[in-house]
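Remarks on the overall topology
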Amino acid sequence: RKEVEQDPGPFNVPEGATVAFNCTYSNSASQSFFWYRQDCRKEPKLLMSVYSSGNEDGRFTAQLNRASQYISLLIRDSKLSDSATYLCVVNTDSSASKIIFGSGTRLSIRP
Amino acid sequence: EAQVTQNPRYLITVTGKKLTVTCSQNMNHEYMSWYRQDPGLGLRQIYYSMNVEVTDKGDVPEGYKVSRKEKRNFPLILESPSPNQTSLYFCASSDRSPNQPQHFGDGTRLSIL
């Protein structure tokens, strides 16, 4: 089993739709969680950190479920500019030194 | 402007010819890391450094070397490149530890013929 797993997609949704992705992780001792966004052939950029209590940033909501070992990202009122690959990132080591990236979920928003 | 700078951005070279990809950050970050990204595999960590003179292997360190003589610089060295090292490489840095968000360089696209 991969340490961090994401559905690769692609998710193809109409503009204005709500879309959600999950990301599962295998190490229950994982300490920190992030969602990054990556546009084609560009560097990953932080979208948001994921906190235990869940957090929201505008149209984006991130949740952490430690019991089931997954994090989620919800995008409301999706825009064309949301089209990208979304990377789940987990610190899998209790010493906080090892970072694992998921393979990413491709999202395509159509007009 | 806060940034991570990688050079070169693109390089085509031949098997066995030593090369170095430089990485420099101007944010006084302690943690720096190198990743490679291949289709279907996502980003995989090659090496990371928690601070000056402290480096550790990531998931795919074979065929690579790094050094961290100064806080701002973290070069990636391929002593004898091979075609399976053809990839897109990213350098990243974060303040204190990877528990903090990472800032990425623009990437280096490396082709080994």
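Residues and elements named next belong to chain A. Taken as a whole, this structure holds 2 disulfides over all chains when the rule is applied. Linked covalently through their sulfurs, Cys-23 and Cys-88 form a disulfide whose S-S length is 1.9 Å. Taking the sign of the S-S torsion, about -65° here, the bridge from Cys-23 to Cys-88 comes out left-handed. Of this pair, Cys-23 sits in strand S3 (residues 19-25) while Cys-88 is found in strand S9 (residues 84-91), placing the two residues 65 residues apart along the sequence.

With that out of the way, let us pick up the sheet that holds S3(A). Residues and elements named next belong to chain A. Strand order in this open sheet of 5 strands is S1-S3-S8-S7-S6, and the pairing throughout is antiparallel. Of all the strands in the sheet, just strand S1 (4-6) and strand S6 (55-57) have a single pairing partner and so form its edges. Geometrically, the sheet is characterised by an average inter-axis angle of 20° between neighbouring strands, direction not taken into account. Taken together, the 6 bridges between strand S7 (residues 60-65) and strand S8 (residues 70-75) define a ladder with antiparallel strand orientation. Across the sheet, Thr-61 pairs through a bridge with Leu-74, a residue of S8.

All names here are of chain A. Of the two faces of S3, the one holding Val-19, Phe-21, Cys-23 and Tyr-25 is buried and the one holding Ala-20, Asn-22 and Thr-24 is not buried anywhere. Here S1 runs beside S3; their pairing, made up of 3 bridges, is antiparallel. Within the sheet, the bridge partner assigned to Val-4 lies in S3 and is Tyr-25. Looking at chain direction, S3 and S8 are connected through 6 bridges and run antiparallel. Looking across to S8, one finds that Thr-24 is bridged to Tyr-70.

Rules and cut-offs
Residues numbered from 1 in each chain as written. Chains lettered and ligands numbered in written order. Predicted model: local features only at pLDDT ≥ 70, side-chain atom pairs only at ≥ 80, totals over all residues. Heavy atoms only, no water. Disulfide = S-S within 2.5 Å. Helix = DSSP H or I, 4+ residues; strand = E, 2+ residues; numbered from the N terminus. Pairing = 2+ DSSP bridges. Axes fitted to C-alpha atoms, helices over the stretch in contact; angles between N-to-C directions. Buried < 20%, exposed > 50% of the residue type's maximum accessible area, 1.4 Å probe, protein only.

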